[in-house]
Amino acid sequence: MSGNIHGLIERCIRREERAWEEFIERFSGLLYYSAKKRLQKSGMMFMQQDVEDIVQAVFMDIWEKQHLEKVKDRKKITAWLSVTAQNRALNYMRQKREMLLREEDLYKINNLRADGKGCIDEELIVGLDKCIEDFEPRHKIVLKLNIIYGKTHKEIARFMNMPMSTVATIIARKKKKLKFFLME
Amino acid sequence: MRCPDEVVLSSYLDEGLSAVERGRIEQHVAGCARCLDLLVVAYESGRGARKCPRVLQNKIKARLGLRQRKAIPGLKWLFASIALLLLSFVFKKYFLQFLIVAAILGFKWVMEGEGARKVVMIFKGMREEETSDLPKHRVDI
């Protein structure tokens, strides 16, 4: 599978038409999901057309600017594609917001309020950041993934490429410390 | 510290990263909610198959100047329908049951066609327009 992807990317770099068709069919779903999720998390109201515009723009960029050549490990392109789509979504919404502010179109701004869907509790992030200030970076990430994102031990282990037992130990120890800190 | 670029950040989810590189990214991600959030979504997007509307895929192909393949309506439903219709004549005892199932599958085949999908989309759009409170004007960027 990964070998196939490597070959596919190489063929896309050589601009083979068939390879590009396959590339679009294989990865458009991933880009679509990432862009949509990012827009949901940004808390702004958006339309289906916005997501479609972003996905199209990402593919156009990859095609025109030969971005595929930048990817070091061509077997593992999914994470890069997802991050690219998300960044594009953030820029898109920023531009859109600026445009609306320039136009002083209050009606539209009112309609771009957050609906809260998929948003992360910012108070929770700030509070947690204060409590875990002195923790190691790795431990901070583990705790954030567990507390803020609600990830299971298994998911965190896969995400951070570490054994599940280590994740469990870190969470148990650090939560104990957190409890102590909060009680103080 | 500035946020790492897309290539560096996404490489964190690759298993082949060295401990030093991993540590460097972790140092940043631990204190940057934005980057951690990007990574979480990237991680989630890689789990399971994600679908994209066929219409959008065709639009992208058109913009890139690639040839488009027309969506073939699910022929399997048509074949299944015909098979069941034939079977209804073989097993005469269950003629009506076979016929009903054949009709249902035939209907499904018709509904999966491009034309039927457009009609459904028009109706959906009309219904959404009536109920939705979304902004009516889209701003193009």
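Calculation criteria
Residues numbered from 1 in each chain as written. Chains lettered and ligands numbered in written order. Predicted model: local features only at pLDDT ≥ 70, side-chain atom pairs only at ≥ 80, totals over all residues. Heavy atoms only, no water. Salt bridge = Lys/Arg side-chain N within 4 Å of Asp/Glu carboxyl O. Helix = DSSP H or I, 4+ residues; strand = E, 2+ residues; numbered from the N terminus. Buried < 20%, exposed > 50% of the residue type's maximum accessible area, 1.4 Å probe, protein only. Polar contact = N/O pair within 3.5 Å; in protein donor to acceptor, adjacent residues only side chain to side chain. Contact = heavy atoms within 4.5 Å. Buried area = accessible area lost by both parts, 1.4 Å probe.

**Observations concerning the pattern of salt bridges**
All names here are of chain A. According to the stated counting rule, one finds 13 salt bridges over all chains in the structure shown. Lys96 serves as the salt-bridge partner of Asp50, at 3.0 Å between the closest nitrogen and oxygen. Taken together, the residues Asp50 in helix H3 (residues 48-64) and Lys96 in helix H4 (residues 78-103) connect sequence positions 46 residues apart. The exposure classification of Asp50 matches that of Lys96, with both residues buried.

**What to know about the side chain of Glu52 of chain A**
Among the secondary structure elements, Glu52 of chain A is positioned in helix H3. Accessibility expressed as a relative area gives 10% for Glu52 of chain A, which makes it buried. There is a polar contact of 3.2 Å between the side chain of Glu52 of chain A and the side chain of Lys59 of chain B. When neighbours within four sequence positions are excluded, Glu52 of chain A is seen to be in contact with Tyr32 of chain A together with Leu56 and Lys59 of chain B.

**Some remarks on the interface of chain B and chain A**
Chain B puts 53 residues into the contact, and the matching count from chain A is 61 residues. Overall, the association of chain B and chain A removes approximately 5,800 Å² of surface from exposure, summing both partners, and the carbon and sulfur fraction of that is 63%. Connecting chain B to chain A are six salt bridges. Our enumeration of links across chain B and chain A arrives at 16 residue pairs in polar contact (both at pLDDT 80 or more). Put simply, the parts of the chain that give the side of chain B that touches chain A at least two residues each are helix H1 (6-10), helix H2 (19-29), helix H3 (33-45) and helix H4 (54-63) of chain B. Here the element with the most residues in the side of chain B that touches chain A is H3 of chain B; it accounts for 12 residues.

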